[in-house]
Amino acid sequence: MIIANKLYLKYPDGTLGLKDVNLVIPSGEVVYITGPSGSGKTSFLKLLMGMESPSDGYLTVLGKDMNNINNRELRRLRRSIGPIFQDFKLLDGRTVYENVIIGMRFLDFSKSEIQNLALATIKRVGLDHKINSIVDNLSYGERQRVAIARAVARRPLLIIADEPTGNLDKDNSLNILDLLKSFKDNNTTVIITTHATHLIEDEQDCIKINVLNGKMSTEEVSYESNC
Amino acid sequence: MKVIVRNTGYFFREIKTIVKLDLLSNIFSIISLSFIFFLLSLIFSGGNIVEHMITAIEDEAQISVYYSDDIDVTIIGSQIKEISGIRDILYIDETEAKAEMTEIMGEESRIFELFDHNPFDPYIKVKIELDQVDTIVEEVSSISGVELVRDNKEILDKLKDISSLISLLGLLIVIAVSVATLIITSHIIRQGIYLNKEQINTLRLLGAPEYFIRLPFILEGLLMTILSGLMSNIMLFVVLKYIYSQTMSFLPFITLPKFNGIMTLIILITLGLSFALGLIGSLFGLKSTNK
């Protein structure tokens, strides 16, 4: 569960990233955060990941108070999150398999569990035929699928995908969204940010949060649930 | 610990990747460190050899007593035996004296053929306790009929001076080597971290524990210094082998410690030191990048 109450994020240079955010996201939901570029979607994800600390207000992620979290707790929290970054952050020079298991190596999985989970996830994202390919040689879409596989293979409680449809056409975007949604279960929440609101117009059984008045200025940023 | 054991293969593959990212710098660092450790090994072996020579001379501490022709040598001998600190005496006649010198000088002893007669005088070889050399020489010199007492105290004193100098030099070199190794190792680790900062950042975002992120870099530092230590040992083996063979050929009267013994000692010292310095240097490098 994620709870934000009167949450503010102000960057060191004075830019206001988020203003008065109030929301509750229960476990096991698919959540879309929509809004144009620069509206604060990524800032919100950074707070969830502990990459930034709240400037004011209150935020808990999976039961952790993000205002008072120490490094040790933050590392533990991050092990429960499966992040899919805009730039994927894959390890260059390594194979698809190596990239997928890197996030599981330090978790409480046995060697065979790691292998089984990784192989199953790679198959599920449709890259089983490229399991030993070096990620540098893959297409944009394939690299994205590797990033998704890395995030979900370790069975996180929270999957965060930052603009996964950013550089894709409509069909591929919908495929990726379907894939991400498929990882939702009773315990796992999936949060997806996108500026392409038209892609989720017909979505049911989800939470949609709009970042309103999403200009570069974040003066009027607020979140509301549409579902 | 379970995670470290399970990921041993991964850590070593990571070292390979880190080294490959900046291969030339790593190679140059290993070469530099090898020469630094070689210098250190030379000093250690030099010190060891001198120490061995001092012990050998001390064990063989003796004085040579020359006497006038018109006196009975056995009377002098019996008086010498009564002095405290005398271990043994041996009467050496002219022929034995020449034979001893011929053995010491080797091929150079052919010069004796130019003499019409044996140029050596008989003498009494007196084995003594080294720490009493001064009083013994004084008492023997005062015996009637004794013309000259020759001791090797000066040589011993000089060797002890050299040994002290080597010890001091060794200490300075150990300090210099330690500092240089720490700087080189920590620098190469910093460089490795800089080149891998994206990967390190990704691992942190995935919640990797710090030891998991740092271990490949610490192992890289260790591998680098231990490899340098091994290379310096190979260089020392070649150089020391040459020095031993030359010494045996041209200065056979100099007693050297056993080659295998000295090599084993230096290998243990160098590897121990390279391990410790590699570990400390890597930790320094990691600590300085935490800021």
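Residues numbered from 1 in each chain as written. Chains lettered and ligands numbered in written order. Predicted model: local features only at pLDDT ≥ 70, side-chain atom pairs only at ≥ 80, totals over all residues. Heavy atoms only, no water.

## Re the overall build of chain A
Looking only at helices and strands, chain A features six helices and nine strands. Computed over its C-alpha atoms, the radius of gyration of chain A comes to 17 Å, within 12% of the 17 Å expected for a compact globule of 227 residues. For chain A, with 227 residues in total, the buried portion stands at 52%. Here chain A has roughly 10200 Å² of accessible surface; of this, 44% comes from carbon and sulfur atoms. If you average the places of the 28 positive and of the 28 negative side-chain charges in chain A, the two averages end up 6 Å apart. (Helix = DSSP H or I, 4+ residues; strand = E, 2+ residues; numbered from the N terminus. Rg over C-alpha atoms; globule rule 2.2 N^0.38 Å. Buried < 20%, exposed > 50% of the residue type's maximum accessible area, 1.4 Å probe, protein only. Areas by Shrake-Rupley, 256 points an atom, 1.4 Å probe, with all protein chains shown as cover. Lys, Arg positive; Asp, Glu negative; His and termini not counted. Charge placed at Lys NZ, Arg CZ, Asp CG, Glu CD.)

## Examining empty space enclosed by the protein
All names here are of chain B. Following the criterion strictly, the structure yields two cavities of 30 Å³ or more and no others. As for the largest cavity, its lining consists of Tyr10, Glu14, Ile18, Asn196, Gln199, Ile200, Leu203, Phe212, Ile213, Pro216 and Phe217. Those elements giving two or more residues to the lining of the largest cavity turn out to be α2 (8–21), α8 (197–205) and α9 (210–250). Ranked by residues supplied to the lining of the largest cavity, first place goes to α9 with four residues. For the lining of the largest cavity, a count of residues per class yields eight nonpolar, two polar and one charged. Volume-wise, the second largest cavity comes out at about 40 Å³. Among the residues forming the lining of the second largest cavity, the class breakdown is six nonpolar, two polar and no charged. (1 Å grid on protein atoms, 1.4 Å probe; cavity = no way out; pocket = protein on both sides within 12 Å on 5 of 7 lines; lining within 4 Å. Points joined across faces, edges and corners; volume = space filled by probe spheres on them. Nonpolar A, V, L, I, M, F, W, Y, C, P; charged D, E, K, R; others polar.)

## Considerations on the confidence of the model for chain A
Per-residue pLDDT for chain A has a mean of 85; in total, 93% of the residues score no lower than 70. Of all helices and strands in chain A, the one with the weakest mean pLDDT is helix α6 (residues 170–181) of chain A (83), whereas helix α3 (residues 96–101) of chain A scores best (95). (pLDDT = per-residue confidence, 0-100.)

## A closer look at the packing of helix α5 (residues 140–153) of chain A against α6 of chain A
Residue and element names in this part refer to chain A. The interhelical angle for the contact between α5 and α6, taken along N-to-C directions, is 10°, at an axis separation of 11 Å. One element, α5, and the other, α6, form an angle in the roughly parallel class. Two secondary-structure elements touch here, α5 through Gln144, Arg145 and Ile148 and α6 through Asn175, Ile176, Leu179 and Leu180. Split into classes, the residues belonging to the contact of α5 with α6 amount to four nonpolar, two polar and one charged. (Axes fitted to C-alpha atoms, helices over the stretch in contact; angles between N-to-C directions. Parallel < 35°, antiparallel > 145°, perpendicular 65-115°, else oblique. Contact = heavy atoms within 4.5 Å.)

## Points about the pattern of salt bridges
Side chains bearing opposite charge may pair, as long as their charged atoms lie close to each other. Under the criterion given, the structure shown has 10 salt bridges over all chains. The residue Glu98 of chain A makes a salt bridge to Arg13 of chain B at a minimum N-O spacing of 3.2 Å. Note that Glu98 of chain A is positioned in helix α3 and Arg13 of chain B in helix α2, a pairing that runs across two chains. A relative accessible area of 16% places Glu98 of chain A in the buried class. Note that Asp178 of chain A is salt-bridged to Lys181 of chain A, the shortest N-O span being 3.4 Å. (Salt bridge = Lys/Arg side-chain N within 4 Å of Asp/Glu carboxyl O.)

## Considering the pairing of strand β1 (residues 2–10) of chain A
All names here are of chain A. Across five bridges, β1 lies against strand β4 (residues 56–61) in antiparallel orientation. When the sheet's bridge partners are listed, Asn5 is paired in β4 with Tyr58. Bridge count between β1 and strand β2 (residues 16–25): six bridges; the pairing is antiparallel. The residue of β2 that forms the bridge with Leu7 is Val21. The hairpin turn running from β1 into β2, its antiparallel successor, is five residues long, and Gly14 in that turn takes a positive phi close to 100°. (Pairing = 2+ DSSP bridges.)

## Comments concerning the domain arrangement of chain B
For chain B, the assigned domains read domain 1 (2–57 + 157–290) and domain 2 (62–151). Relative to domain 2 of chain B, the C-alpha centre of domain 1 of chain B lies at a distance of 50 Å. (Domains from an automatic or database assignment.)

## Some points on the packing of α2 of chain B against α9 of chain B
Residues and elements named next belong to chain B. It is the contact of α2 with α9, at a shortest axis distance of 9 Å, that shows an interaxial angle of 65°. As the angle between them shows, α2 and α9 are arranged roughly perpendicular. For the pair α2 and α9, the sense of crossing is right-handed. For the pair formed by α2 and α9, the contact residues are Tyr10, Phe11, Glu14, Ile15, Ile18 and Val19 on the first element and Phe212, Leu215, Pro216, Phe217, Leu219, Glu220 and Leu223 on the second. Its residues placed into classes, the contact of α2 with α9 shows 11 nonpolar, no polar and two charged. (Left-handed = near helix turned anticlockwise from the far one by under 90°.)

## Here's the deal with unusual backbone geometry
Residues and elements named next belong to chain A. Despite not being glycine, Lys6 shows a phi value in the positive range, around 50°. Lys6 sits in the exposed class, given a relative accessible area of 54%. Unlike most non-glycine residues, Leu62 shows phi in positive territory, near 50°.

## Brief notes about the interface of chain B and chain A
Facing the 19 residues of chain B at the interface are 23 residues of chain A. Its largest share of buried area at the contact with chain A, chain B owes to Arg6, Leu205 and Leu206 of chain B, together 42% of the area lost on that side. Across the chain B-chain A interface, the total number found is 10 residue pairs in polar contact (both at pLDDT 80 or more). If you list the elements that add at least two residues to the side of chain B that touches chain A, you get α1 (2–6), α2, α8 and α9 of chain B. (Buried area = accessible area lost by both parts, 1.4 Å probe. Polar contact = N/O pair within 3.5 Å; in protein donor to acceptor, adjacent residues only side chain to side chain.)

## Remarks on the environment of Tyr11 of chain A
Residue and element names in this part refer to chain A. One can find Tyr11 in the loop between β1 and β2. In this structure, Tyr11 is in contact with Gly17, Ser43, Lys46 and Glu52, ignoring residues within four places of it in sequence. Among the polar contacts made by the side chain of Tyr11, one reaches the side chain of Ser43 at a distance of 2.7 Å.

## Quick look at a negative patch on the surface
Together, Asp69, Asp70, Asp93, Glu94, Glu96, Asp121 and Glu147 of chain B give the surface a local cluster of negative charge. Of note, Asp69 of chain B is situated in the loop between β1 (62–67) and α4 (73–81). (Patch = residues over 30% accessible without salt bridge, like charges linked within 9 Å, V, L, I, M, F, W, Y side chains within 5 Å.)

## Overview of helix α1 (residues 41–49) of chain A
With seven of nine residues buried, α1 of chain A lies mostly within the body of the structure. Downstream of α1 of chain A by a residue or two, Gly50 of chain A has a phi angle that is positive, lying close to 75°.

## Details of the side chain of Arg6 of chain B
Structurally, Arg6 of chain B is set in helix α1. In this structure, Arg6 of chain B is buried with no salt-bridge partner, the nearest side chain bearing the opposite charge being Asp108 of chain A at 6.1 Å. At 2.3 Å, the side chain of Arg6 of chain B forms a polar contact with the backbone oxygen of Phe109 of chain A. Once residues within four sequence positions are removed from consideration, Arg6 of chain B is found in contact with Met104, Arg105, Phe106, Leu107, Phe109, Ser110, Lys111 and Ile114 of chain A.

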